[in-house]
Amino acid sequence: MYQVTEKRDVPPNIKMFKVRAPAVSRKAAPGQFVIVRTDERGERIPITIAGAEPEEDTVTVYFAEVGASTRDLGRLGEGDGILNFSGPLGNAIPVKGYGEVLCVAGGVFQGVNLYLAKALRGEGNRVTCVQVAKGMDHLFLVDEAREACDESYAVVDDDEGGGLKGLVARLLDEKKMSRVFTFGPVPMQRAVAELASARGVPSSVNLYPVMVDGTGMCGACRVTVGGATRFACIDGPEFDGASVDFDELTSRLRYYTPQEKIAMVLNERGVI
Amino acid sequence: MASGAPQVDMPKQAPEERKSNFDEVALGYSEEQALAEASRCLGCKNPRCVKGCPVGVDIPGFIGLVKERRYVEAARRIKETNSLPAVCGRVCPQESQCQMSCVLGVKGQPVAIGRLERYAADYERSSGAQGPARTTRGGGRVAVVGSGPSGLTVAAELQKKGHQADVYESLHAAGGVLMYGIPEFRLPKDIVQAEIEYVKGLGVNLHLDSTVGRLLTVGELLRAGYDAVFIGSGAGLPHFLRVPGENLKGVYSANEFLIRTNLMKAYRFPEYRTPITVGRSVAVIGGGNVAMDSARCALRLGGEKVYIVYRRGKGELPARLEEAENAEEEGVEFMYQTNPVRFIGDDRGYVTRMECVRMELGEPDASGRRSPSPIKGSEFLLDVDTVIVAIGQSPNPIIQQTTDGLEATRWGTIVVDEETMATSISGVYAGGDVVSGAATVISAMGAGKAAAASIHNYIEKRGQSAT
């Protein structure tokens, strides 16, 4: 069992957990994820790592309660145990000297974005951070981002494209960015990648398709990148934003939507 | 005389009944049946069956104990060389190993060694007889990567030789392919776990949720004080056909389909949270045991029409005959000399049809089987809601990618000395599917046994040179 040592609610449906997992905390790096299973009946849920505190033996994660499985997880409180917490999985994003970089993330990925931004700044990059959410009260870690980055922006954008697009375009036009990193909903990452590509700036997108084992065994997380099938869990999750087939990714992410809806309703009614 | 009598059949669930449940298909011998079958064994002085067994089980010895109704002792006798008898009694291809070498098989039917192995192992387990005491320490420390058949064998063997084996497993359950791959109805998971409990009882430490190559690398394990490392990480990377439409929803790798079904118990969705989709018409691509397992799972998950689509002919099926027959009895339809060319989907991205081409068989290829080639103009469409691609797996690449100096082939298998199972790194050994490519449970166990013997020698020698 892996103990939840700290829990925080973030609107509208996000939970922050610090989880005691000493070995994982010593190894985790930005871009990597853990696979979490709440209990014996649980799904294996991939969650991106948003921080590691080896001195406290803990790993920080944020997750949105979007289905029965994440609700089960969100019901755990401080002191409760998570049955499985496996990681770090996936490749770490290479944290090195790029120069001027832009980190853009939406929704639940704001914590992950800051984790990467801090690491990049530690390597001497000049980091501009953009955090986007659907409502004012859905923005979190705003002060921390201001402190940790050279420049930081918090944007409210409810169609994942409007205000954010304008800001990202302006930042890309004003500064000579060496690379853009992005995390979050597919339409947002796609928009950011397209803006970067249009200006000849390389972009890193971070993809979380449906996964089961997270170690290369099942192939559920296959994505088409540059015309070839890759597994997000072992070849990614970071990919070149200019080469990803986002339409296929969007379609595959909706694979189990009907089943998830059923499970969610039964879960809300306490049937399962 | 008994040896002239035919093999005693093992009762099975009737096909009509079993195709809609996940309970074990083969029901096992009764005591009376076991005694009748055991009485057929001649107890050869120079038993050929033992030579046919990759781990060298004392077959006449344990069958002799069955004859005397000393079932617990019979199971113990098997466990001297094989820590997983209830598993092997169920999933070993005995017909091409021990039973193929049985003298009785020359003129009639061989002794049903696997069924007797299963009987003895099941008897011991249900009798609640205590396992052997933990062995005493004093030897070396060995990290074992992967808790599948090879890893469990290495760990158990080393423990018996006085070493401490620590097993690192990536998934949340130990057993490897025995848990995620082979279905419940062929190998019940509580039986796998009971045999793993036996291995743990020998003193083996089991670390779950621990992906070597990510959480810890092989180099880090050696630096952390392990005398040796055994890599038994299996053949976990699924192959795809590389044809258009393969990433449509509804197209699964067999690995994913079986992991969802077996390890995650998706057949009990939504109580168990992992979903699976099985439409009315299911095509399984491939002709091996994994294809048979997938097809039989698909039937049990509600598939009305389940096809095995195989590019060669019936005579070339790589699956065990018994498994293909079981599938056929349950209603799986076989489409031989047929190969998918592309998958076609609807506007929501779900697969709806599969274009196939008929194949003709030419001269034998490198595998000794006749090589298939497409017949021009024979293309046709098949309506499918679910496709399961079961055309093989190669080794998981994580360890090879994260271990400096570890020699691998271009297929990703780890290169070893075939006798000692030693890799290109001193103190690092490997065995099972990660070396051979996808093969059988028992051949992985044989490799584990060989590796354990060389690791033992390696540690002993090291100890001598250190003093």
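Residues numbered from 1 in each chain as written. Chains lettered and ligands numbered in written order. Predicted model: local features only at pLDDT ≥ 70, side-chain atom pairs only at ≥ 80, totals over all residues.

*Asks:* Can you help me understand the environment of Arg37(A) in this one?
*Replies:* Considering the arrangement of structural elements, one finds Arg37(A) in strand E3 (residues 33-37). Owing to 24 C-beta atoms within 10 Å, Arg37(A) belongs among the buried residues under this scheme. Not counting the four nearest positions on each side in its chain, Arg37(A) is found in contact with Gly42(A), Glu43(A), Arg44(A), Leu83(A), Asn84(A) and His172(B). (Helix = DSSP H or I, 4+ residues; strand = E, 2+ residues; numbered from the N terminus. Buried ≥ 20, exposed ≤ 12 C-beta atoms within 10 Å, placed from the backbone. Contact = placed C-beta atoms within 7 Å.)

*Asks:* What should I look at first to understand the sheet that holds strand E7 (residues 84-89) of chain A in this one?
*Replies:* Strand pairing in a sheet relies on backbone hydrogen bonds, with the paired strands running either antiparallel or parallel. Residue and element names in this part refer to chain A. If you walk across this open sheet you meet the seven strands as E6-E1-E2-E5-E4-E3-E7, and the pairing is antiparallel. In the strand order of this sheet, the two ends are held by strand E6 (81-82) and E7, each with one partner. As paired strands, E3 and E7 are joined by four bridges and run antiparallel to one another. Each residue of the ladder has a partner; that of Val36, found in E7, is Phe85. (Pairing = 2+ DSSP bridges.)

*Asks:* Help me out: how do you make sense of the domain arrangement of chain B in this one?
*Replies:* How large an interface is tends to be reported as the accessible area lost when its parts come together. Residue and element names in this part refer to chain B. Taken domain by domain, chain B consists of domain 1 (2-127), domain 2 (141-235 + 394-466) and domain 3 (240-391). Inter-centroid distance (C-alpha atoms) of domain 1 to domain 2 is 27 Å. Taken together, the 19 residues of domain 1 in the interface contact 24 residues of domain 2. Residue contributions to the side of domain 1 that touches domain 2 peak at five residues, all from helix H6 (residues 85-91). (Domains from an automatic or database assignment.)

*Asks:* I would appreciate a short explanation of the domain arrangement of chain A in the present structure.
*Replies:* All names here are of chain A. Domain parsing of chain A yields domain 1 (2-89), domain 2 (93-203) and domain 3 (207-257). On a C-alpha basis, the centroid separation for the pair domain 1 and domain 2 is 23 Å. Listed as interface residues are 13 residues of domain 1 and, on the opposing side, 13 residues of domain 2. Secondary structure elements with two or more residues in the side of domain 1 that touches domain 2: strand E4 (45-53) and strand E5 (58-64). Ranked by the residues each element gives to the side of domain 1 that touches domain 2, the list is headed by E5, at four residues. Of the residues in the side of domain 1 that touches domain 2, the class split is nine nonpolar, four polar and no charged. (Nonpolar A, V, L, I, M, F, W, Y, C, P; charged D, E, K, R; others polar.)

*Asks:* Sorry, what's going on with the pairing of strand E11 (residues 179-183) of chain A here?
*Replies:* Consecutive side chains along a regular strand alternate between the two faces of the sheet. All names here are of chain A. Counting buried positions over the five residues of E11 gives four, a clear majority of the element. Alignment of strand E8 (residues 100-106) against E11, held across five bridges, turns out to be parallel. Bridge pairing in E11 links Val104 to Thr182. Of the pairings in the sheet, the one linking E11 to strand E12 (residues 203-206) comprises three bridges and is parallel in character. If you follow Phe181 over to E12, its bridge partner there is Ser204. One crossover worth recording links E11 to the parallel E12 by way of helix H6 (residues 186-198), and it is right-handed. (Right-handed = clockwise from strand over helix to strand, strands pointing away.)

*Asks:* What am I meant to see in helix H4 (residues 59-67) of chain B here?
*Replies:* Helical geometry note: an α-helix holds 3.6 residues per turn, so side chains three or four residues apart project in the same direction. All names here are of chain B. Every buried residue belonging to H4 is among Ile59, Phe62, Ile63, Leu65 and Val66, and all of these are buried. Looking straight down H4, one finds its buried side chains confined to an arc of 155 degrees; they lie on one side. Those residues of H4 that are buried lie in contact with helix H2 (31-38), helix H3 (48-51), helix H5 (71-79) and helix H8 (113-127). Taken from the residues just after H4, Arg69 is the one with a positive phi, measuring 60 degrees. (Arc of directions from axis to C-beta.)

*Asks:* Looking at this structure, I do not really get the packing of H4(B) against H5(B). What am I missing?
*Replies:* Angle between the axes and distance between the axes are the two parameters that describe a pair of packed helices. All names here are of chain B. The interhelical angle for the contact between H4 and H5, taken along N-to-C directions, is 170 degrees, at an axis separation of 8 Å. The angle between the axes of H4 and H5 places the two elements in the roughly antiparallel class. Side by side, H4 and H5 meet where Gly61, Phe62, Leu65 and Val66 of the first sit next to Tyr71, Glu73, Ala74, Arg77 and Ile78 of the second. (Axes fitted to C-alpha atoms, helices over the stretch in contact; angles between N-to-C directions. Parallel < 35°, antiparallel > 145°, perpendicular 65-115°, else oblique.)

*Asks:* What is the right way to look at the interface of chain A and chain B in this model?
*Replies:* If you look at the interface, chain A gives 36 residues, while chain B gives 29 residues. Elements with a contribution of two residues or more to the side of chain A that touches chain B: helix H1 (22-27), helix H2 (68-74), E7, strand E13 (222-225), helix H8 (246-253) and helix H9 (257-268) of chain A. Here the element with the most residues in the side of chain A that touches chain B is E7(A); it accounts for five residues. Taken together, the residues that form the side of chain A that touches chain B break down as 17 nonpolar, eleven polar and eight charged.

*Asks:* Quick question: what am I supposed to make of the pairing of E5(A) here?
*Replies:* All names here are of chain A. For E5, the buried fraction is high: six of the seven residues fall into the buried class. Bridge analysis of strand E2 (residues 14-20) against E5 gives seven bridges, and the strand direction is antiparallel. Bridging from a neighbouring strand, Phe17 pairs with Val61 of E5. Alignment of E4 against E5, held across four bridges, turns out to be antiparallel. In the strand pairing of E5, Gly51 is matched with Thr60. What sits between the antiparallel neighbours E4 and E5 is a turn of four residues, in which Asp57 has the positive phi angle 65 degrees.

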